[in-house]
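Structural overview for review
Single-letter residue listing:
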Amino acid sequence: MAGVNGRPADPVIRVEDATKVYRLGDFEVHALRGVSLEVRGGEFLAVMGASGSGKSTLMNILGCLDRPTSGHYHLRSQDVSQLSRDALAEVRNREIGFVFQGFNLLPRTSALENVELPMLYNGTPPRESRRRALEALDRVGLADRYHHHPNQLSGGQQQRVAIARALVNRPAIILADEPTGNLDSRTSVEMMGVFQDLNREGMTIVLITHEPDIAAYAARNVVFRDGRIIQDLPMAHRRIATEELREMAKTAAAAEKDGAEQA
Ligand code: ADP
Ligand code: MG
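The following paragraphs examine the structure supplied in this document. (Residues numbered from 1 in each chain as written. Chains lettered and ligands numbered in written order. Predicted model: local features only at pLDDT ≥ 70, side-chain atom pairs only at ≥ 80, totals over all residues.)

Once that is clear, we can look at the overall build of the chain. Scanning the chain for helices and strands turns up eight helices and ten strands. A compact globule built from 263 residues would reach a C-alpha radius of gyration of about 18 Å, and the chain, at 20 Å, matches this within 12%. With respect to the three principal axes, the spread of C-alpha positions in the chain is 70 × 50 × 45 Å. Scored against the burial criterion, the 263 residues of the chain give a buried share of 37%. Taking the contacts inside the chain whose residues are at least 6 apart along the sequence as the reference set, 69% of them involve residues at least 24 apart. (Helix = DSSP H or I, 4+ residues; strand = E, 2+ residues; numbered from the N terminus. Rg over C-alpha atoms; globule rule 2.2 N^0.38 Å. Buried ≥ 20, exposed ≤ 12 C-beta atoms within 10 Å, placed from the backbone. Contact = placed C-beta atoms within 7 Å.)

Let us look at the site of ligand 1. For ligand 1, the full set of nearby residues is Y22, L24, V29, A31, G49, S51, G52, S53, G54, K55, S56 and T57. Of all the elements in the fold, those that place two or more residues in the shell around ligand 1 are strand 1 (13-24), strand 2 (27-39) and helix 1 (55-62). No other element matches the three residues that helix 1 contributes to the shell around ligand 1. Across the shell around ligand 1, the residue classes tally to four nonpolar, seven polar and one charged. (Near = placed C-beta within 6 Å. Nonpolar A, V, L, I, M, F, W, Y, C, P; charged D, E, K, R; others polar.)

What follows covers the pairing of strand 3 (residues 44-49). On a regular strand, one side chain projects to one face of the sheet and the next to the other, so that they alternate. With six of six residues buried, strand 3 lies mostly within the body of the structure. Residue alternation in strand 3 divides its side chains into two sets, F44, A46 and M48 and L45, V47 and G49, and both sets are buried. Here four bridges tie strand 3 to strand 8 (residues 204-208), and the two strands are oriented parallel to one another. Directly across from L45, in strand 8, lies its bridge partner V206. With five bridges connecting them, strand 3 and strand 9 (residues 220-225) associate as parallel partners. Its bridge partner being in strand 9, A46 is matched across the sheet by N221. (Pairing = 2+ DSSP bridges.)

As a further point, take the nonpolar core. Within the largest apolar cluster, 64 residues are counted, with the highest numbers of intra-cluster contacts made by L45, V47, A164, I205, V206 and L207. Residues contacting V206, with those up to four places away along its chain left out, are V39, L45, V47, L62, I173 and L175. (Core = buried A, V, L, I, M, F, W, Y, C linked by C-beta atoms within 7 Å.)

A separate point is the environment of L120. Inspection of the secondary structure puts L120 in helix 3 (residues 111-120). Looking at L120, the number of C-beta atoms within 10 Å reads 11, which means it is exposed. For L120 and R160, which are 40 residues apart along the polypeptide, the C-alpha to C-alpha distance reads 20 Å.

Once that is clear, we can look at unusual backbone geometry. Notably, C64 is not glycine yet its phi reads approximately 60°, a positive angle. Summarising the element assignment, C64 is placed in the loop between helix 1 and strand 4 (70-75). Here the phi dihedral of R108 falls at roughly 50°; this positive angle occurs in a residue that is not glycine. Structurally, the position occupied by R108 is in the loop between strand 6 (96-100) and helix 3.

What the six strands build is an open sheet, ordered 6-7-8-3-9-10; its pairing is mixed. Unpaired on one side and paired on the other, strand 6 and strand 10 (228-234) mark the two borders of the sheet. Mean inter-strand twist for the sheet, computed between neighbouring axes without regard to direction, equals 15°. This element, helix 1, spans strand 3, strand 7 (173-177), strand 8 and strand 9 of the sheet and lies at about 155° to strand 7. (Axes fitted to C-alpha atoms, helices over the stretch in contact; angles between N-to-C directions.)

Shown next as structure tokens:
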């Protein structure tokens, strides 16, 4: 991606030799053992690896929820690895949009209010918050569900609300940790379609998953084992969600027509 004066832009994410050690009494867990990673603006990265390989630990560092034990993390050229907890929280609110497996929406609160929530703490005027929340819900295809509460929405619709909420502060990156873990396979394809649309519009996305079928919608594949990156390659055989959904719709229409003819 071109930056100023035609030189390549600085990466959005630059992790240098990060380690993470959890101490449990006398016992140490080496969750990251020297991880280096660069992600440029507009990339769509899938982070894969077996359970316990360090994916969530990396996500917590990338998302400014935690700091590495050693090494550096530059987010948009700012070294955030040594920031205080408060300063880190401020960067997190401004730069990161999170999407989790469990949606993490407030119950008994409308889709619109859930999406407005991240702007409650950063001084966005209420009218601007409302405008941006409506725009984000439109963007994820929920224009007709503003006033529904989470328990009145399907799992896929709830995850769309969560994605809208992740977008409203116009973050530098979206971090999604197993976002399809609670969804059926058809809804998972739809959700990956939402991520691919956002990425096509320029959003940088880091998707964490242990499912190769889901990782295949990303453009680049980073694989962890035992706290290290063991592979970092362009995605072979990338899946395109809109094409698959179109095929599924065709198959469903053909089946319906067959059924009607037999009746
Ligand atoms: P993954 O997301 O790939 O399943 P994690 O990053 O959650 O892996 O975990 C990596 C390793 O660190 C595992 O051995 C896990 O048990 C350990 N771990 C993760 N979080 C903590 C914690 N808060 N305290 C102690 N150990 C942890
Ligand atoms: Mg995990």
